[in-house]
Amino acid sequence: MPRSLSPSSIDEADYLLELQNFLAELSQNPDREPVASEIEVLQSIYGDNAIRLWHPPTSNGKKSPNSTDHTIRYEVLLRLSSPHEDVSLKVLVSLPEAYPKTSPPQLQLLSKYIGPFGADSNLFGSILRTYISVSGVEWSEDTVCVFDGLQNVLDRCVAWYEEKLSAEKAGELVRDDAKGDHAGPGNGTRQDLPNPPAVDEDQISGVNDPVPAVLPAGVQLYVAEPITDRKSAFVGRACRIQHPSEIPLILSHLMSDRRISRAAHPIINAWRCQVDGILHQDNDDDGETAAGGRLAHLLQILEVNNVLVVVTRYFGGIHLGPDRFKHINQAARNALDLGGFLDAPETRKHVGRAKKH
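Residues numbered from 1 in each chain as written. Predicted model: local features only at pLDDT ≥ 70, side-chain atom pairs only at ≥ 80, totals over all residues. Heavy atoms only, no water.

A. Expanded view of helix α8 (residues 291-301). Along α8, the residues classified as buried are Ala291, Gly292, Leu295, Leu298 and Leu299. Seen end-on, α8 carries its buried residues on one side only, within an arc spanning 115 degrees. Buried residues in α8 make contact with β10 (265-275), β11 (278-284), β12 (307-314) and α9 (323-338). One or two positions beyond α8, positive phi appears at Glu303, with a value near 55 degrees. (Buried < 20%, exposed > 50% of the residue type's maximum accessible area, 1.4 Å probe, protein only. Helix = DSSP H or I, 4+ residues; strand = E, 2+ residues; numbered from the N terminus. Arc of directions from axis to C-beta. Contact = heavy atoms within 4.5 Å.)

Structure follows, in structure tokens:
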């Protein structure tokens, strides 16, 4: 009698079969065959089950993630090197249609925690900048480079993790010392350190505070007043863009601000950019199911091009239901209006071929 498979093993088999079918289809395209070969090499290095095609939260079934979007997205499960091999993390790999010929890949940290430590904005931003930073990986045209990027991410995460471990150990020693210093005669009690000051709503919005990282030259962010509802806050931001390559730089710039990165959904975004008569566009839910697609639809019906719009949502502990999408769209529209993008001729729609990333 054949042995029955557990639900988890069935899921693993489904993911693996889906990837195999996708690679077989990809290999039929001469322009994409290097991508298929590279993924197969990554499987041989990290394990067959370490790579899965990435599906948005709204995806049902096993439809290929690039059926309506020419960007290939897959997630890779990585393990830190010894002696931390029990600690794992997930990285999202995004390959634009022009990769590897004329465009680099993009890496994004999916894991909110590495071991017991919450991933901070600096780590997130550094991974996002893997192929555009001097401390990252050099990309050359017509050369596959995802493996080099993943190894760079691993090295960075190991260093970050060990730094956190050292800081935790140092904190324990400080607390032990403080306990001895503040112990009362005969009662063994100590004085508690003061609690950090409470963060008010103005600090949460981060509207008037400067963002520490540097924006691409010529890019100006317009930030609308926050929309609040039942302790949740929605902050819209918009800026003009000249080329799709500016998008990861701008998002990384935003994520380098702790007041933005600590939000439940920091960078819900959509963008449209016309280059040489071709309309490029993409969106990201950032964990808020279907929100990115709604922002993309908003840009489409408003006929706005050459613009990136980003909405940050701070969750107040009360579920808002469908109202959250109303606030997300309104926050985005407020930012577009504030920046003058709803009336500016250079952001109005032009006829051209559409191309998704």
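So that's the structure; there's more coming.
B. Quick peek at the pattern of salt bridges. Taken as a whole and assessed by the stated rule, the structure comprises nine salt bridges. One salt bridge connects Glu75 with Lys90, and the closest N-O pair in it is separated by 3.4 Å. Of this pair, Glu75 sits in strand β2 (residues 72-79) while Lys90 sits in strand β3 (residues 88-95), placing them 15 residues apart in sequence. Judged by its relative accessible area of 34%, Lys90 is partly exposed. What you see here is one network of salt bridges that share partners, running through Asp229, Arg230 and Asp323. (Salt bridge = Lys/Arg side-chain N within 4 Å of Asp/Glu carboxyl O.)

C. Focus on the nonpolar core. Core analysis: the biggest nonpolar cluster contains 60 residues, and Tyr74, Leu80, Leu89, Ile114, Leu150 and Leu308 have the highest contact counts within it. Ranked by the residues each element gives to this core, the list is headed by helix α4 (residues 146-181), at eight residues. When near neighbours in sequence (up to four residues on either side) are disregarded, Leu308 contacts Arg237, Ala238, Cys239, Ile241, Ile247, Ile250, Leu251, Asn269, Ala270 and Trp271. In terms of nonpolar packing, the next biggest core, distinct from the first, is built from 24 residues, Ile268, Val307, Val309 and Leu342 among them. (Core = buried A, V, L, I, M, F, W, Y, C linked by side-chain atoms within 4.5 Å.)

D. Structural detail: the sheet that holds β2. Spatial strand order, β1-β2-β3-β4: four strands in an open sheet with antiparallel pairing. The strands lining the two open edges of the sheet, one partner per strand, are β1 (51-53) and β4 (106-109). Strand after strand, the sheet turns through a mean of 25 degrees between neighbouring axes, direction not considered. Sheet topology places β3 next to β4; four bridges connect them, and they run antiparallel. Its bridge partner lying in β4, Leu92 is registered against Gln108. Lying on the sheet, helix α2 (residues 33-46) is in contact with β1, β2 and β3; it crosses β2 at an angle near 15 degrees. (Pairing = 2+ DSSP bridges. Axes fitted to C-alpha atoms, helices over the stretch in contact; angles between N-to-C directions.)

E. How the structure looks around unusual backbone geometry. Each neighbour pair has its own omega, and for Ser82 with Pro83 the value is 10 degrees, a cis peptide bond. By the secondary structure assignment, Pro83 is in the loop between β2 and β3. In this structure, the amide linkage connecting Tyr99 to the following residue, Pro100, adopts the cis form with an omega of 0 degrees. Note that Pro100 resides in the loop between β3 and β4. Positive phi values are uncommon outside glycine, yet Asp142 reaches one of about 65 degrees. Summarising the element assignment, Asp142 is placed in the loop between α3 (121-128) and α4. Residue Asp142 is classed as exposed on the basis of its relative accessible area, which comes to 57%.

F. How the structure looks around the packing of α8 against α9. The N-to-C vectors of α8 and α9 enclose an angle of 45 degrees; their axes lie 10 Å apart at closest approach. Taken together, the axis directions place α8 and α9 in an arrangement best described as oblique. Handedness of the α8/α9 crossing: right-handed. Contact residues: α8 offers Ala291, Arg294, Leu295, Leu298 and Leu299, while α9 offers Phe325, Ile328, Asn329, Ala332, Arg333 and Leu336. Partitioning the contact of α8 with α9 into residue classes produces eight nonpolar, one polar and two charged. (Parallel < 35°, antiparallel > 145°, perpendicular 65-115°, else oblique. Left-handed = near helix turned anticlockwise from the far one by under 90°. Nonpolar A, V, L, I, M, F, W, Y, C, P; charged D, E, K, R; others polar.)

G. Inspection of helix α6 (residues 246-255) at higher detail. The element α6 is largely enclosed, with a buried count of nine among its 10 residues. Taken as a whole, α6 has its buried residues at Glu246, Ile247, Pro248, Ile250, Leu251, Ser252, His253, Leu254 and Met255. Of the surrounding secondary structure, the elements contacted by the buried residues of α6 are β4, α3, β9 (232-240), α7 (258-261), β10 and β12.

H. Broad picture of the pairing of β12. With eight of eight residues buried, β12 is to be regarded as a mostly interior element. The sheet contact formed by β9 and β12 spans eight bridges and is antiparallel. The partner of Ala233 across the bridge, within β12, is Tyr314. Bridge count for β10 against β12 is six bridges, and the pairing is antiparallel. Across the sheet, residue His265 finds its bridge partner in β12, namely Arg313.

I. Broad picture of the packing of aromatic side chains. By the definition in use, this model includes three aromatic pairs. Here the aromatic rings of Phe117 and Tyr161 are separated by 5.7 Å at their centres, their planes lie at 65 degrees, and the arrangement is edge-to-face. Highlighted residues: Phe117 in strand β6 (residues 117-118) and Tyr161 in helix α4, separated in sequence by 44 residues. When the centroid spacing of 5.7 Å and the interplanar angle of 85 degrees are considered together, the rings of Tyr222 and Phe341 count as edge-to-face. Separated by 119 residues along the polypeptide, Tyr222 in strand β7 (residues 222-223) and Phe341 in the loop between α9 and β13 (353-356) bring together distant segments of the chain. You can call Tyr222 partly exposed: its relative accessible area is 24%. For Phe341, a relative accessible area of 0% corresponds to the buried category. Seen from the ring of Phe325, Arg294 lies directly overhead, with NZ or CZ sitting 4.0 Å from the centre. (Phe/Tyr/Trp six-rings, centres within 6.5 Å; stacked < 30°, edge-to-face > 60°. Lys NZ or Arg CZ within 6 Å of the ring centre and 35° of its normal.)

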